[in-house]
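Here is how the chains run, residue by residue.
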Amino acid sequence: MYWTLNVMYLVFSMTVCGSCVTAVWGILGKLLERSGFLHISCRLWQAGLIFWLCPLSWLWLNHRDIYGGTWGGDLLLGSPALHQAAEIWFAVWVTGMGVCMVLYFRSLYRVAEIRRSAIPCSRETQRVFEETLRRLSLGKMGKRIRAGQSYRVMVPQVTGCFAPMILLPVREYTEEELQVVFTHELTHVKHRDILMKNLALCVRAIHFMNPVAWWIVKGMNRWSEYACDYEACREKGARQYYTVILDMVEQYSLIREPVSRLVENESDLRKRMRHVLKCYKKKRKSKALAALLLAGIVGCSGSILPATSVRAAEVLQKINEETAEEICEKHCANDPAEEEYTEAETRPDVRVYDGEVEENARASSATFNWTVYPNSLTRTAKTIRAEAGEWISVSVRNPSGRTIRAGIIHPNGSKRYVSGTTKVSHTFTISETGYYRVYVENPGDTTISVSGVYDVY
């Protein structure tokens, strides 16, 4: 089916482009971090999600191919072999993505249950929460944030993308602990880290076959904590901030949900401390300079998209040519299992129907899904121009398993065909320039449904 091939190309283009951008921006992020621009590194990770979720490369190639004619209009159509591979790949991809999404929604359900079980905070806790909220100046976003306590969490955490809720374990807290906890979690809200973590999990589900997609989830979690710690240290002071957190480090949860926690475990905390304190000791950089550098990096990195896309198109074009040649060599040989028959004209008792196809810009290739009635044939509604010396390759899938005939109708009305059951595939050599039609005939007494593709080489 033509649309399965398009889905394969679309996902493949996103995963290649996303991987390249993530690798380049990851290197740039480390260099910027050493210069004291820790926030930019985190923003680069977040901005990189665009290339994983938006088919920018596919859209650009499709536009250049169809409207610009760069690759003749048939770059993204593929050969029959690629169509068959796309059907197998699509089944595997849907299954894998389905499993990942089930696990993702199950984690969301657990988070929703914990939120529903939350109880109100004490007056003192609520007072510190509101003071911290005013101090961080979250604006309209602050009106949607709530705080609560739950017996089902072991460490403070923030949940929810659009209605954030800070959850605290049920126990007594000092005012200093509450200030550090709320500063940390509200900074996550300010950076929209929960939304970014959910998007990263969606990236992993869509591109689960790419190891980089799994790595980007870990990177997103790590860099969001670095950026949050850095800003919270600037707000509260590094000594006070980490002293309070170290006092709470023995109580943590190992359940991995799309939330942001104060701390995961002691080992992760020590890594965060060493990482953040390197930048904390440097002189604080200008926000204007940071924004300018970020814009420059994003702008310059835009060259990665066309360069990567053109290279991918060249590889794809080569695959199309090689698989097309293999099919021609296979079917142009005298294969007794697919003996070619000729019929001077259609018998009067056979009913003829016109079937619709999905064509490309040059109509050199198309796919079809037809219902073929008993003792009848369905042919392409439009004729197909083919030059002498070219080939018309026809491939038909027939789930019913009944005998069918698939072939081409010559300009003079004569037919050439091969017979088969579950799958019929053949390449017909064209000896005369003219307009042809592809057809499928059902000589049986039961209506069948078939799908197929034809290509003109």
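Before reading further, recall that the structure is shown in the block above.
Read on for an overview of the structure. (Residues numbered from 1 in each chain as written. Predicted model: local features only at pLDDT ≥ 70, side-chain atom pairs only at ≥ 80, totals over all residues. Heavy atoms only, no water.)

Looking now at the overall build of the protein. Scanning the protein for helices and strands turns up 12 helices and 17 strands. Considering the protein as a whole, with its 457 residues, one finds that 50% of them fall into the buried category. For the protein, the exposed surface amounts to about 22,200 Å²; the carbon and sulfur share of it is 57%. (Helix = DSSP H or I, 4+ residues; strand = E, 2+ residues; numbered from the N terminus. Buried < 20%, exposed > 50% of the residue type's maximum accessible area, 1.4 Å probe, protein only. Areas by Shrake-Rupley, 256 points an atom, 1.4 Å probe, with all protein chains shown as cover.)

Turning our attention to the nonpolar core. For soluble globular proteins, nonpolar side chains are generally found buried alongside one another. Phe129, Phe182, Leu186 and Tyr242 are the most contacted members of the largest nonpolar core, which totals 46 residues. Secondary structure elements with two or more residues in this core: α2 (38-53), α5 (123-136), β4 (165-169), α6 (175-190), α7 (193-206), α8 (211-236), α9 (238-248) and α10 (266-280). Listed in part, the 23 residues of the second largest apolar core include Val396, Tyr436, Val438 and Val440. (Core = buried A, V, L, I, M, F, W, Y, C linked by side-chain atoms within 4.5 Å.)

What follows deals with the environment of Ser19. Secondary-structure assignment places Ser19 in helix α1 (residues 2-34). The spacing of Ser19 and Phe51 is 32 residues in sequence and 8.6 Å in space, taken between C-alpha atoms. In this structure Ser19 touches Trp52, Asn210 and Val212, once residues within four positions along its chain are discounted. (Contact = heavy atoms within 4.5 Å.)

Note on placement: Lys236 falls in helix α8. Sequence-wise, Lys236 and Glu176 are 60 residues apart; in three dimensions their C-alpha atoms are separated by 9.9 Å. The residues touching Lys236, leaving out its near neighbours within four places in the chain, are Arg135, Gln179 and Thr183.

Here we come to the pairing of β4. The buried fraction of β4 is high, at 5 of 5 residues. Burial of β4 is two-sided: the residues Met165, Leu167 and Pro169 facing one way and the residues Ile166 and Leu168 facing the other way are all buried. Across 5 bridges, the pairing between strand β2 (residues 146-150) and β4 is parallel. The residue of β4 that forms the bridge with Ser150 is Pro169. Connecting strand β3 (residues 157-159) to the antiparallel partner β4 that follows it, the hairpin turn spans 5 residues, and Gly160 within it adopts a positive phi of roughly 90 degrees. (Pairing = 2+ DSSP bridges.)

Here the focus is α8. Compared with the 38 Å implied by 1.5 Å per residue over 26 residues, the 38 Å span of α8 between its first and last C-alpha is a close match. Backbone nitrogen of Val212 and a side-chain oxygen of the N-cap are separated by 3.0 Å at the start of α8; the cap is Asn210. Positive phi appears at Gly237, one or two residues downstream of α8, with a value of about 95 degrees. (Expected span 1.5 Å × (residues − 1). Polar contact = N/O pair within 3.5 Å; in protein donor to acceptor, adjacent residues only side chain to side chain.)

Even without being a glycine, Ser137 presents a positive backbone phi close to 55 degrees. Under the relative-accessibility criterion, Ser137 is labelled exposed at 56%. Backbone geometry at Arg192 places phi at a positive 55 degrees, although glycine is not the residue there. Tracing the backbone shows Arg192 in the loop between α6 and α7.

Right, let's get into the side chain of Ser19. Owing to a relative accessible area of 16%, Ser19 belongs among the buried residues under this scheme. A polar atom in the side chain of Ser19 sits 2.8 Å from the side chain of Asn210.

Burial runs high along β2: 4 of the 5 residues are buried. With 2 bridges connecting them, strand β1 (residues 119-120) and β2 associate as antiparallel partners. Within the sheet, the bridge partner assigned to Pro120 lies in β2 and is Gly148.

A separate point is the pattern of salt bridges. This structure, assessed with the given rule, holds 17 salt bridges. A salt bridge links Arg127 to Glu124, with the shortest nitrogen-to-oxygen separation between them at 2.3 Å. Placement of the pair is Arg127 and Glu124 together in helix α5, with a separation of 3 residues, close to one helical turn. The class of Arg127 is partly exposed, set by a relative accessible area of 29%. (Salt bridge = Lys/Arg side-chain N within 4 Å of Asp/Glu carboxyl O.)

We now examine the packing of α8 against α9. It is the contact of α8 with α9, at a shortest axis distance of 7 Å, that shows an interaxial angle of 115 degrees. Counting all contacts with α8, which are made through Asp229, Ala232, Cys233 and Lys236, the residues of α9 involved are Ala238, Gln240, Tyr241 and Tyr242. Its residues placed into classes, the contact of α8 with α9 shows 5 nonpolar, 1 polar and 2 charged. (Axes fitted to C-alpha atoms, helices over the stretch in contact; angles between N-to-C directions. Nonpolar A, V, L, I, M, F, W, Y, C, P; charged D, E, K, R; others polar.)

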